[in-house]
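# Residue-level structural notes
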Amino acid sequence: MQATYARWLDVATRVGFAISLAAFLVYVSGVMEPFVPLEQLPRLWSLSAAQYAAATGSPAGWGWLGMLGKADYLNLAAVALFGIVTLACYARIVPLLFAAGERLQAFIALAQVIVLAAAAAGFFTGGR
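Each value, and the rule that gives it
Residues numbered from 1 in each chain as written. Predicted model: local features only at pLDDT ≥ 70, side-chain atom pairs only at ≥ 80, totals over all residues. Heavy atoms only, no water. Helix = DSSP H or I, 4+ residues; strand = E, 2+ residues; numbered from the N terminus. Buried < 20%, exposed > 50% of the residue type's maximum accessible area, 1.4 Å probe, protein only. Contact = heavy atoms within 4.5 Å. Salt bridge = Lys/Arg side-chain N within 4 Å of Asp/Glu carboxyl O.

## A short note on the overall build of the protein
Of the regular secondary structure elements, the protein holds six helices and zero strands. From first element to last, N terminus to C terminus, the protein shows the α and β order α-α-α-α-α-α. Dimensions along the principal axes, computed over C-alpha positions, put the protein at roughly 55 × 35 × 25 Å. Considering the protein as a whole, with its 128 residues, one finds that 23% of them fall into the buried category. Looking at the protein alone, contacts between residues at least 24 apart form 58% of all its contacts between residues at least 6 apart.

This is how it looks when you write it as structure tokens:
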């Protein structure tokens, strides 16, 4: 199980790095226009997240997915991919743990998958 988890983790982080690098190159090269112009960022960095969102008109919640045509949000998506690496790795080993008769470990891994998926879906945000 550990070797499978490690292989998936290795591949996912390498793919995530390549995607992040490509998204960054798209951003800095100007191939794709950002939502927030680069020259405005120094003025905005000192703001809280709420103030930044208000000043830029940034979407709330999962609304950023509709902004993937903008270079800065493409970078956000690349970073978000790293957030699902652990979820994918655990999801991969759950059936292997059940097949190996490691029921307790399988249920723990399954619980982690459920909690991570619920967190990603915004279940724990308290309605925000």
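## With respect to the pattern of salt bridges
Summed over all chains, the structure comprises two salt bridges. Among the ionic pairs, Arg-14 bridges to Asp-10, the shortest N-O distance being 2.8 Å. Linking Arg-14 with Asp-10, this pair stays in helix 1 (residues 2–29), spanning four residues, or about one helical turn. Judged by relative accessible area, Asp-10 falls into the partly exposed class, the value being 35%. Put simply, Lys-70 and Glu-33 hold a salt bridge, and the shortest N to O gap is 3.7 Å.

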